Amino acid sequence: MQDTSTLSDLIPQHVYDAQWRILQHSQRHHGSHLLAVQQLSRFPESSRKYVAGDPIHLIDWQAYARSDQLVIRQVREEASSRVQIAIDTSSPMRWPDREEVRNANKSNRIPQKIEVALRVGFNIAYTHIARGDRVDVWLMNDSESTSAKRLLVQRQTDLLSLFALLQEKQFDLDSLGEHLPIERANPSQVQVAYWVGDALSHCRFGDFLRLGRTRYLVHLLSSLEADIDWVDPSTFYFDVDDVNREFQGAELVTNQTYKESLNRWMTRIRQRVSALGGHYISITDQTPIAKYHALLAEWASGLAVRTSSGRI
Amino acid sequence: MVGFDPTFMSAIAAMLGMASILVWLLVRRLQKRIWLPTMRIIDHETRKLPKLRFRFPHWIPFLAFLMASLCIIIFTFKPTRTLVSTVNSHDAHFHFFFDMSPSTSADLTIDQYADASVQLWDALSRGARITVSTSHSLTTFQPNSSQELRDTIRRLGFHRAGLRLGTALKALMGRMGKLDRIIVVSDGDLHTWQDFNWQFLQRDTDVFWYDVSAESSTLDNVFISRAQYVTSPDAGLAEWDIDLARDQWQRAVAGTIRAQWNGINLAQERWSLPKEYGRSTVRLSWPVNKIEAALYERNRSVPLVLTIEVDGGDRLLIDNDRRFFLRGLKRSGVLIAAPSGELALEDSSHHMNIALSTLGFDMKRWDHVRNKDPEIESGHFWAIVAGRGDDVDSFCPRSLTEGRFDGRMKMLEAPPIVWLMPGSLEMNYEELCKCYSRLVLKKKFRDRDPSFCAESQTRAGWLEMLASTGAKQIGGAVDDASQAIARHFKDEISGMEVLAFSIPLNPSLRTGLSYGKLPSLIQSLLQWQKLYGPAQSDKDDWPTIEDIAERVWRDTEIPHSELSNVPQGESLLTHMDQNLMPPRWSRQILLNSLNSIANRETKDPFPWILTLSFTVIFAMLFEVTLSSYQRIRKRILRKWIKASAVLFAIGFLGISEVADAQVRITSIGFVRNETVGNLALEVSSRTSIDLYKSLIDTNRLTPLSLSEPWMWVRSLSEIREGKRLRRDVVNWIRKGGLLIIENDINSNDLTELTRDSFELRDEKQGWNPIPPDHELMRSFYLLNSLPSCRESVWRGYHFDGRLAIIAIPYPFLNGLYDVPKETGCGHRYDVEQSTRIFVNILMVALATDYKKDQIHLPEILKRLR
């Protein structure tokens, strides 16, 4: 049975990498930071052709039986790395703000983008903490120019209890107030930097991603933004940044104006990330968790060097 | 006939209606706006759209609104239907109103007036109900005969008060209700008619004017317009300036003016008004002592009557006498003061007496009251001066102290005002205190002097005692009672006011009062106590009633209303403009015409109100009904339709045959009644396809055979026309059908069978033996080979990239029947192999070469990865 749950239901414990469990039990010095040197191993992580001199006992005989090729397994050791994850909490992320939009032509209730961003951000953070990495989660807001807010979560239990609190408050950060364990600080240089957001706000994700040696942009849009078949032709749509500029629903739908503009814009974002040497995925609240995991797995295994991983 | 009466309100209503319709049609473009953050990424500019746009509104409420607003606008036009109703004099109610104001008597006597009234009565009294009222009162009556009317008119006579018809008829109509006709019997003078808006009454009542004025007269009307008393209060001669006026100035007139009081002739003078002179002033004077008895207030109600007589006659006699109150009246008072020497030099009270006299007081002086008291009625004002060494009984009048308790004081017109003052500063105030206590304190001090007076021997003690009784301080400072000139106390029992002075009222250095200051101080105090006032105003003059209906009809308590002076408006005898008067019926016109049956136009708004109200109600119901219907249709009916559609679908499913995904073996020329139950079981267990367990066998080709995807044939005769395939079979194959021929047929026949039936593109197409890598060999099971029969092999005809005809060299299905049969090849075939071949054929028939389609490739690759 195919798992149909989407990112709207994602929780931190949804671990994406099945192989990782094996690695975790291997008594290795672990962490997600891959060391440059690859070592031979029995574990089927990656393989290469046998070269004379390799230990014979590490030949994958089953593979030989299948393919008449001598194949040998190898792994790269990992070390604990510093990871920082930025979750965009600016005003566009608080969309959809009206119930009539959230229920528009959809059988499911559509969550706000910030909810999905928090779910994804916490999921990534949980996974990295579980791998033994040091993780900082940042809440980025375009209205606060001086310094960012860092969530004081270092352990999995902190993360899970805060996530439970967020779920209880329906991911309304404002209602948490002082219950939110934060401190003001400035992000520093790390090994891995994630940015989870819609890239619509004035928050400069490029500056943040440059702090990481490995850079990931999780480009999150609402499914209502990705596909606007729900818009009413007689209603006008505007953005709070420029309230005088507005578009009629009919104009957006009939001329493909919206679709083309969205595609161009997403391509630009992808190219920017690519120019930074980073990785890019685009998700919505309706992205199946399985697909999301598949993409993250590509990243984690280091296979997905391409930044054009495509939209889900 | 329809009447409209547009008003300013109509214009406003029409304007609002138009504005509302505009609002209906004009809507703001930004009717609904929704925030969508991705709008900022759209990189092309929008067209400028107008902020407002026209949109035709939903027709049901708009139509209802139009109807309602139209009705309201029409309402403001006050639409009416004009009705012509006939007034039958027999059913009608006529009212005669007799104007008996002074001006009416100008040219006719009361007898002539009565005669005119009777003429009117006689003309109209036949049949109609007639009521009569006069300007004397609001009383209406219904005379039984003309004589009764004549007597009533003569008995009442003309009144001296003026009349305003507007007020009078308003009061009259308010009491009598609806009248058909009002006939006002009047002379039409301006004073009477000027405030009467008879046009307003004309809507419901016909108003007529019965003119009783005479032909133009050459006589003047001379009257007294004003009289002014010009004498100073203490003068011995009473002088009056009297203004005479007249209505016409064309000729010189002269006459006599006479002043009378209570039957006493006071003065008489001649006067004259030269030609072109409208006014003249005459001075009348007489010695004051001539009417000494009149100079006291108790005779105030007897008026001074000024009468003029005109040589040659006057037009209006009733205004020739005019009444005035007497002026220069003196107030009587009592002064009790022991003489203390020569009047002007030594008597301290003399100067006070002089001052009071100049202020119009006639003070009777008593040296002492030891033996006899002045009567309590002697005067309103009492001044008591306690001399040095006098005992209380010598100056304190018993009549006042007793009068407080025996009720005599309450019988007076007004309670007395008493001034109690010391004769000099250095005196024993004890006796003064005793007098004060008798005048103001309780009854027990009437016979027994209070003990505290023994402590009030000095002025300070006197002042302290006054303050302790609660008397109000007059003069001085708020915080310094010693500077107070007097203290005022009002006796609650009798209402008598006592002003107890702290200083003697005589000119002295020690009291600070000079000869000039004393009278003004006394005047101020008298003014404060309302004993002295400025010259009497016109308000205090003899009443001149301008409007009898306003004053007398409502309030009969007005004094001297019977003897009211004639108002100048009546005396001027000015007539109203004839154009402003109601229809006039004079004595010269035949009065009988009044009695003729008249038609009156009335305006009836009821049908319009009814029609418009019904329209508004209809509009309302229209909107409610249609809107409700639409809502029901939208919300409920749609659900019903959906529900019924589902029910219908279920119902149809219930009565329809079961639609199973089953495959039948369609065969032609097979033995009937053969079944393939075992094969069907195998097929369903190995694949997801259900096979029908019996064959559909027909001897001939039928449309049913051509509706299935495959067809098993044993004899070619059924599918052949000559040596070729039948056209319908060819078409069926073109559409995708798979033909399976179970017979050993040589290749030539097969070639002949399909010749020219299909367009072959290359050599691979056409009849060929089925190779080992053919789709038939691997469509489900991987088969190594197909069983041959007597060296004949399986052949396949390929067309359009697929297998279209299979030629099996033996009766293949024979081995798969539930009861297997011989195949004619000399040996039995393996059932398992045959089953596998059958499944593969089935797959080819249903899905052709599905493996070649590679629809499953991504999944396979994914599995491999």
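Throughout what follows, the structure given in this document is the object of discussion. Within each chain, residue numbers correspond to sequence positions counted from 1 in written order. Ligands are numbered from 1 and chains lettered from A, in the order in which they are written. Local features in this predicted model are restricted to residues of pLDDT 70 or higher, and side-chain atom pairs are both shown and tallied only at a pLDDT of 80 or more, whereas totals for entire chains, interfaces and linings draw on every residue. Side-chain numbers here rest on the full set of heavy atoms in the structure, without hydrogens or water.

### A short note on the packing of helix H1 (residues 8-25) of chain B against helix H2 (residues 59-76) of chain B
Residues and elements named next belong to chain B. Where we set the bar: The convention used is that axes are lines fitted to C-alpha atoms, helices contributing only their stretch in contact, and that angles between N-to-C directions extend from 0 to 180 degrees. Only DSSP runs of H or I covering at least 4 residues are called helices, and only runs of E covering at least 2 are called strands; the numbering of each starts at the N terminus. Roughly parallel refers to an angle under 35 degrees, roughly antiparallel to one over 145, roughly perpendicular to one between 65 and 115, and oblique to any angle outside these ranges. In this analysis, two residues are considered to be in contact whenever any of their non-hydrogen atoms come within 4.5 Å of each other. Side-chain classes are defined by residue name, with Ala, Val, Leu, Ile, Met, Phe, Trp, Tyr, Cys and Pro counting as nonpolar, Asp, Glu, Lys and Arg as charged, and the others, Gly among them, as polar.
Two elements in contact, H1 and H2, have axes whose closest approach is 8 Å; the angle formed by their N-to-C orientations is 170°. Taken as axis vectors, H1 and H2 run roughly antiparallel relative to one another. Between H1 and H2, the residues in contact are Met9, Ser10, Ala13, Ala14, Gly17, Ser20, Ile21, Trp24 and Leu25 and Pro61, Phe62, Phe65, Leu66, Ile73 and Thr76, respectively. Across the contact of H1 with H2, the residue classes tally to eleven nonpolar, four polar and no charged.

### Looking at the pairing of strand S7 (residues 129-134) of chain B
All names here are of chain B. Here is the rule we go by: Categorising residues by exposure relies on relative accessible area from a 1.4 Å probe, with only protein chains included: less than 20% of the type maximum marks a residue as buried, more than 50% marks it as exposed, and the intermediate range marks it as partly exposed. Strand pairing is defined by DSSP finding a minimum of two bridges between the two strands.
With respect to burial, S7 is a largely interior element, five of its six residues being buried. The pairing of strand S6 (residues 93-98) with S7 spans six bridges and is classified as parallel. Bridged to His93 within S7 is Arg129. Looking at chain direction, S7 and strand S8 (residues 140-141) are connected through two bridges and run antiparallel. When the sheet's bridge partners are listed, Ser133 is paired in S8 with Thr140.

### With respect to the sheet that holds strand S5 (residues 134-140) of chain A
In a beta sheet, neighbouring strands pair by backbone hydrogen bonds and run either parallel or antiparallel. Residue and element names in this part refer to chain A. Taken together, the seven strands give an open sheet; going across it, the order is S7-S6-S5-S4-S8-S9-S12, and neighbouring strands pair in mixed fashion. The open sheet has two edge strands, strand S7 (182-185) and strand S12 (279-284), and neither has a second partner. The average angle at which neighbouring strand axes cross in this sheet is 25°, direction not considered. For strand S4 (residues 82-88) and strand S8 (residues 190-197), the ladder comprises five bridges, and the chain directions are parallel. Paired with Gln84 across the strands is Ala193, a residue of S8.

### Observations regarding the environment of Thr256(B)
All names here are of chain B. Quick note on the threshold: Polar contact is the term for a pair of N or O atoms within 3.5 Å; when the atoms are in protein, one must be able to donate a hydrogen and the other to accept it, and sequence-neighboring residues count only if both atoms are side-chain atoms.
Mapped onto the elements, Thr256 comes out in strand S13 (residues 253-261). Taking C-alpha positions, Thr256 is 5.8 Å from Trp271, a pair spaced 15 residues apart along the chain. Dropping the residues within four chain positions of it, Thr256 is found in contact with Gln268, Glu269, Arg270, Trp271, Thr307, Ile308 and Glu309. Side-chain polar atoms of Thr256 contact the side chain of Arg270, separated by 3.0 Å.

### Structural notes on the pairing of S12(A)
Put simply, side chains in a regular strand alternate between the two faces of the sheet. Residues and elements named next belong to chain A. Counted residue by residue, S12 has six buried out of six residues, so it is predominantly covered. Alignment of strand S9 (residues 212-221) against S12, held across six bridges, turns out to be parallel. When the bridges of S12 are listed, Val218 appears paired with Ile281.

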